[in-house]
Amino acid sequence: MKSAAVHRIVIAGGGAGGLELAVRLGKRHGPEHVTLVDAAPFHIWKPSLHEVAAGTVDIHRDGLSYAMLAHDNGFRFVLGEIVSVDRQAKELRVAALRDAEGEVILPERAIPYETLVLAVGSLGNFFNTPGADQHAISLDTTEAAERFRLELLKAMARASARTDTITPGVVNVVIVGGGATGVELAAELHEAGRTISAYGLPGMTPDKLRITLIEGGPRILGPLPERVARAAEALLVERGVQVVADCRVSEVRPDAVVAQDHVFEADLCVWAAGIKAPSLISSLGLEMNPMQQVKVDETLRTSDENIYAMGDCAAAPWLGTDKTVPARAQAAHQQASYLVPLLSARMRGEVPPAQPFRFRDFGSLVSIGHGEGVGSLMGSLTGRKLLVEGWMARLMYAVTHWSHYAAVLGLWGATVRSLSRALSRRSQPRVKLH
Ligand SMILES: Cc1cc2nc3c(=O)[nH]c(=O)nc-3n(C[C@H](O)[C@H](O)[C@H](O)COP(=O)(O)OP(=O)(O)OC[C@H]3O[C@@H](n4cnc5c(N)ncnc54)[C@H](O)[C@@H]3O)c2cc1C
């Protein structure tokens, strides 16, 4: 491989995987070698988006500034949306940055690379369901989650003043998709609804936020053991969430979700029933799977020898199975760790280490609000699945969140962040109300 005077690694997307990679490579090699590009100025860990949607995470208070992380960890940060990749010229094109009035702050830019790492995540997949892209919100970006939060607040405020409808004062939220995202959102919304009611919307008692969770398969949390799914469903039902399984949605209307034999009234519809890679990936002319994820080999390299891909946008072989690595934050995290020595060697013009990427499934944890969780963990000694429930599962879930922040802020930074969040909760409402 011919090595340039300065080997520039550009990481496209600073999410669960890309940001951890930028931090670790930046610390080793510095900003002349490592560049991170992201469309957003701050980072929110994607598994927290259901909390953003429910208002229990405030993006303006809890988001981590990429500019600060770049300064502290030795990488360069470029703010803007990547619109195309010129594989021949080996450069990315980043769209002009505009303010709310459309005035250009920064013009369109070209970012050259020797090695490109695609880490642009995924978007909701509506599977061509009529009306879904117009009337349902998919929690795939921070903006979408924030938009949902504001729509929910408006719907609750309107409902609290409504007197002339058949069911006055009711807000119906329908969540399509009973995977971890849908289940966590249902529980979080239930708690947020109680808090918002408590802060004085006249007539808007907690039971008037009606949450329905629709799953196309025979049960919620399909990939998790049945006992975990049953425990999660029992907790949701206890909280008043209507759980409907074996129900295929055929259309989303402005005020309803239509399934085979039922129409569910919906003031708001959230789509959490599958993912696909962003269109940037399909524009590259690389090999893809039906979810538009770019195919990579067991070293996470695409069919272009200068382009690697990781996280949700990549279809990586899950060695030892006939599946691809699941689209999960723990996979993105493991892939970031795997790529650090590989890309460092590449940067030095050495032959990268030959070991393939092996995904280790440590199990899944699902939060059911703030005091409960359920999950199944892979026992490292027994190799068998251990079932965890209740506050213990919730605590372990919180630890997985904390570990991401420890990976990007360091142990001390992540601890200070957690403490300051805990303290600030004493002077602020538990749910963001504006
Ligand atoms: C509500 C919710 C809950 C979840 N809970 C869990 C969980 O409990 N456990 C778990 O393992 N997984 C969970 N997941 C899945 C997990 O969030 C993803 O698998 C993980 O975030 C994927 O990481 P990534 O680095 O591939 O992409 P992401 O974390 O999605 O990051 C992608 C980044 O790319 C940027 N980007 C995208 N396109 C462009 C562009 N054109 N130009 C510039 N920047 C761009 C985005 O701004 C973003 O910062 C959850 C997902 C959701 C939505």
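Residues numbered from 1 in each chain as written. Predicted model: local features only at pLDDT ≥ 70, side-chain atom pairs only at ≥ 80, totals over all residues. Heavy atoms only, no water.

K.L.:
Give me the lowdown on the site of the ligand, citing residues and values where you can.
P.N.:
Contacts to the ligand come from 29 residues, most closely from Gly17, Asp38, Ile82, Asp312 and Ala329. Between a nitrogen atom of the ligand and a main-chain N or O atom of Ile82, the distance comes to 2.9 Å. Here an oxygen atom of the ligand and a backbone polar atom of Ala329 are 2.8 Å apart. If you list the elements that add at least two residues to the shell around the ligand, you get α7 (180-198) and α10 (329-347). Counting residues domain by domain, the shell around the ligand receives three or more from each of domain 1 (9-122 + 277-347) and domain 2 (132-274). (Near = heavy atom within 4 Å. Polar contact = N/O pair within 3.5 Å; in protein donor to acceptor, adjacent residues only side chain to side chain. Helix = DSSP H or I, 4+ residues; strand = E, 2+ residues; numbered from the N terminus. Domains from an automatic or database assignment.)

K.L.:
So what's going on with the sheet that holds strand β15 (residues 209-214)? Residues and values would help.
P.N.:
Ordered in space as β13-β20-β14-β15-β16, the five strands form an open sheet in which the pairing is parallel. Every other strand in the sheet has two partners, leaving β13 (136-138) and β16 (242-244) as the edge strands with one partner each. The sheet shows a mean angle of 25° between the axes of neighbouring strands, direction not considered. Two elements, β13 and strand β20 (residues 268-271), share three bridges in a ladder whose sense is parallel. Its bridge partner lying in β20, Ala136 is registered against Cys269. (Pairing = 2+ DSSP bridges. Axes fitted to C-alpha atoms, helices over the stretch in contact; angles between N-to-C directions.)

K.L.:
Which residues make up the packing of aromatic side chains, and what values go with them?
P.N.:
Using the criterion set out here, one finds four aromatic pairs in the structure. Geometrically, the ring pair formed by Tyr66 and Phe77 is stacked, given 4.9 Å between the ring centres and 20° between the ring planes. Within this pair, whereas Tyr66 is found in helix α4 (residues 66-73), its partner Phe77 is found in strand β5 (residues 76-79), the two being separated by 11 residues in sequence. Residues Tyr338 and Phe357 carry aromatic rings whose centres are separated by 5.6 Å and whose planes lie at 70° to one another, so their mutual orientation is edge-to-face. Here Tyr338 is found in helix α10, whereas its partner Phe357 is found in the loop between α10 and β25 (363-367), with 19 residues between them in sequence. The cationic tip of Arg417 hangs over the ring face of Tyr405; the distance from NZ or CZ to the ring centre is 3.8 Å. (Phe/Tyr/Trp six-rings, centres within 6.5 Å; stacked < 30°, edge-to-face > 60°. Lys NZ or Arg CZ within 6 Å of the ring centre and 35° of its normal.)

K.L.:
Go over the environment of Pro107, please, and point to the residues and values.
P.N.:
If you trace the backbone, Pro107 turns up in the loop between β9 (104-106) and β10 (109-112). Here Pro107 falls in the exposed class, since its relative accessible area comes to 51%. In this structure the C-alpha to C-alpha distance between Pro107 and Leu97, which are 10 residues apart in sequence, comes to 6.4 Å. Setting aside residues up to four positions removed in sequence, Pro107 forms contacts with Ala95 and Ala96. (Buried < 20%, exposed > 50% of the residue type's maximum accessible area, 1.4 Å probe, protein only. Contact = heavy atoms within 4.5 Å.)

K.L.:
Explain the sheet that holds strand β18 (residues 256-259) to me, using residue names and the numbers behind them.
P.N.:
Hydrogen bonds along the backbone pair up the strands of a sheet, which may run parallel or antiparallel. Pairing is antiparallel in the open sheet, where three strands are placed in the order β17-β18-β19. The open sheet has two edge strands, β17 (249-253) and β19 (263-265), and neither has a second partner. Strand-to-strand twist across the sheet, computed as the mean angle between neighbouring axes with direction ignored, equals 20°. Relative to β18, β17 runs antiparallel, the two sharing four bridges. From the neighbouring strand, Val249 faces β18, where its bridge partner is Ala259.

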